[in-house]
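Spelled out, the chains give:
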Amino acid sequence: MSGRTTYPASTRRDFLWRVAKACASVAGAGSLAFWFHDRKGLRHGRTQDAATLPDFSVPGTKGRIGVVTGEARVKTVRRAVELLGGMETFVRPGDRVLIKVNAAFATPPILGATTHPDLVSEVAALCFKAGAGSVLVADNPINDPASCFRLTGIGQAVLSAGATLVLPEKGYFRPATVPGGLLIRDWPLLVGPFMGVNKLIGIAPVKDHHRSGASMTMKNWYGLLGGRRNLFHQDIHNIIKELAMLVSPTLVILDGTVTMVTNGPTGGALEDLKQTGTMIVSTDQVAADALGATLLGKTVGQLPFIGKAEAAGLGTADYQSLHPIHDHVG
Amino acid sequence: MGRVERPPSGVETTISWMILGVLVVIAVAVFIKQFDYDPVAVTSRVPITEHRETTALNDRLFSNLSPFAPENLDPAQGAENFGPETLADKINGKAELYLSAGFLGLTSQRFALHDDPESWMEAFVYDMGTPKQAFAVYSLQQRAEAEPSALTPFSYRTANALFFSHGKFYVEVVAAVLSEPMTRAMASFGERFVEKIPGRRESIEETMLFPREDMIEGSIALLISDAFGFEGMDNIFTARYRVQGQEVTAFLSERKDDREALRLVQAYRDFLVSNGGTAAPEKASKAAKVTDTATIRIFGDLELFFSCGRYMAGVRDTETLGVAETVAQRMMTSLKCPERSGGPGQ
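It should be emphasised that the depicted structure is a prediction, and the values quoted were computed from it without experimental measurement. (Residues numbered from 1 in each chain as written. Chains lettered and ligands numbered in written order. Predicted model: local features only at pLDDT ≥ 70, side-chain atom pairs only at ≥ 80, totals over all residues. Heavy atoms only, no water.)

All names here are of chain B. Within this structure, the stated rule accounts for 27 aromatic pairs over all chains. With 5.6 Å between their ring centres and 80 degrees between their planes, F62 and F68 make a pair best called edge-to-face. For the pair shown, F62 and F68 are each scored as buried. Through pairs of rings, three or more aromatic residues link up here, namely Y98, F103, Y126, F135, Y138, F154, Y156, F163, Y170 and F237. (Phe/Tyr/Trp six-rings, centres within 6.5 Å; stacked < 30°, edge-to-face > 60°. Buried < 20%, exposed > 50% of the residue type's maximum accessible area, 1.4 Å probe, protein only.)

Written out as structure tokens, the structure reads:
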């Protein structure tokens, strides 16, 4: 007789018992999956996880706009901020200030497609002089971020001013929804640089734009979006409006020292630029853009996003009603 | 004595472990993926329009642009390649200009002077699919103050850049600095490109059909689609003229045959009328004696257009009938329009 063990054949009862155990396992796994499944999904938002941006405006400073003409942007911006009460009106000792620049492209300053580095240095210096505890500079460029901040000169300007450059990292994005918005819903927003920030300054050049007609202070916030944001170009005026709904800055600075009047937003030839020698600083981004439109030779009517932002109650396109303060720096 | 169950066989055990392994892999993948969601796929309310099928980047024409760089230029970075889906990642809002004109691919690369690495330039080589499409994007971005270049029939220089179309390519070479060595390097890049890449050097036929008298230099452009806001107007060449102190636009388009040209005239006329245009009350234009014309006044401006053989042509952007007629008659002479043979007119 061999040492092998023989086993009885399976009976019907064995078979049914095994089938029952298998079905119970499947049912259990399915129940677990059903319990984990988020039936509402991202489409309806998860407000407890959604990022929001606080209102960075300073009480009592609403509706101010300063316009200074001159060729030296360092001098004109300094004077324009003075006209609004000085940086100390907006930045208090110990404040953590974030400067949102336009570093969208890896192009040199002479092409006027990005925020000028001299302006970044000066504004950072003004913030420190007003007592800011720290100054951060950030953007989510269209091209490679490291190249953009290097070739635009903004990176070096930040270092020279003693400020901190914040490159966009994957973990810095969280989904955000604009209340009442149709486009920015659970969309990745660059919130990392905003940690602990209590003042926000946007600095943008005046540029022609192939899709929207112009790229100025409100369009500057596009650089806070992540994901496949180019999709929004198909509804460009509404996305700019929603960006203005999303962001309430302390101050916006619109650099019209040299304006890209054609072939925007990238330009490429110096002939795309026009010396317009104008610096606009305002607490009303709609008014700033409306005034900036004149440097492009365009009307508010030709730039629908301005009217949409005004209609949404985000500011006024009638910048004259704010009684702009003018000056000239030789 | 208790019943002894048969233990699982080796095959059964192996299969079980494999199934468990697959389940673990799925669980890990789900765990990782749920931190990296695509809001476009889930939440976007903006319709994702279809672009032309992306040319596989693996089939890109240029792995790098160094073959076109003169010896005193060193690559400052590797070449970047973009297709229709990613073009906006490089040129943002301007992408639509190229996409609507048949864009297939872009290769860009930065170079720096060997002796001065801080002096750099970037070359952009756009594959537009056909010479006409390359001309379209070239012409629509032409700078008014540019200096004509002899590099190709369609090329010009600015203080810091070189722009040209060659064959199916539209090329931009943009410098970050203004210097003689950089200007020479850019010119050399352009010359090498034209030399190494096959492409017809003769001009585009339609551009030669515009009468030269009073034409504004460098104003000829090509609108690939939706010219003048009308969906039916595609492949429309335009040129600007200054006549009697007024600027006016002339346009022409070669159609498949005479009938299509006439159909386009009728369709464009109907489009203008449906959008508020009215037949001009002036007496029949002199141009109408040569060939059938439609003269529509819309929003204060006149549009005078006609078919001439397989060409549809006309004049617009002027308030004065006399100016429109002057340019229209020159166009008819240039196109060698046949005498009027009757048929639908105004």
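Read on for the rest.
Here we take up unusual backbone geometry. The omega angle of the peptide bond from A:G264 to A:P265 is 10 degrees, so this bond is cis rather than trans. Position of A:P265 among the secondary structure elements: in the loop between strand 9 (251-260) and strand 10 (273-282). The phi torsion at B:N92 lies on the positive side, around 55 degrees, for a residue other than glycine. By secondary structure assignment, the location of B:N92 is in the loop between helix 3 (88-91) and helix 4 (95-99). With a phi angle near 65 degrees, B:D214 is a residue other than glycine that sits in the positive phi range. Residue placement: B:D214 occurs in the loop between helix 7 (205-208) and strand 9 (221-223). (Helix = DSSP H or I, 4+ residues; strand = E, 2+ residues; numbered from the N terminus.)

Let's shift gears to the pattern of salt bridges. Residue and element names in this part refer to chain B. Applying the stated rule across the entire model yields 26 salt bridges over all chains. Between E80 and K90 there is a salt bridge whose closest N-O contact spans 3.1 Å. In this pair, E80 is assigned in strand 2 (residues 80-82) and K90 in helix 3, connecting sequence segments 10 residues apart. Ionic pairing is found between R316 and D317, a salt bridge with its closest N-O pair at 3.5 Å. (Salt bridge = Lys/Arg side-chain N within 4 Å of Asp/Glu carboxyl O.)

Attention now goes to the state of the cysteines. Defined simply, a disulfide is a covalent bond joining two cysteines at their sulfur atoms. Residue and element names in this part refer to chain B. Counting across every chain of the model gives 1 disulfide over all chains. Between the sulfur of C308 and that of C337 lies a disulfide, 2.1 Å long from S to S. Taking the sign of the torsion about the S-S bond as the criterion, the disulfide between C308 and C337, at about -125 degrees, is left-handed. Here the residue C308 occupies a position in strand 14 (residues 301-308), and C337 occupies one in the segment after helix 9 (321-335), the gap between them amounting to 29 residues. As far as the burial class goes, C308 and C337 line up, both buried. (Disulfide = S-S within 2.5 Å.)

Take the packing of helix 6 (residues 236-246) of chain A against helix 8 (residues 304-311) of chain A next. Residues and elements named next belong to chain A. Contact geometry for helix 6 and helix 8: axes closest at 8 Å, N-to-C directions at 40 degrees. Classified by the angle their axes make, helix 6 and helix 8 are oblique. Between helix 6 and helix 8 lies a crossing whose hand is right-handed. In this structure, helix 6 contributes H237, N238, I240 and K241 to the contact, and helix 8 contributes P304, F305, K308 and A309. Partitioning the contact of helix 6 with helix 8 into residue classes produces 4 nonpolar, 2 polar and 2 charged. (Axes fitted to C-alpha atoms, helices over the stretch in contact; angles between N-to-C directions. Parallel < 35°, antiparallel > 145°, perpendicular 65-115°, else oblique. Left-handed = near helix turned anticlockwise from the far one by under 90°. Contact = heavy atoms within 4.5 Å. Nonpolar A, V, L, I, M, F, W, Y, C, P; charged D, E, K, R; others polar.)

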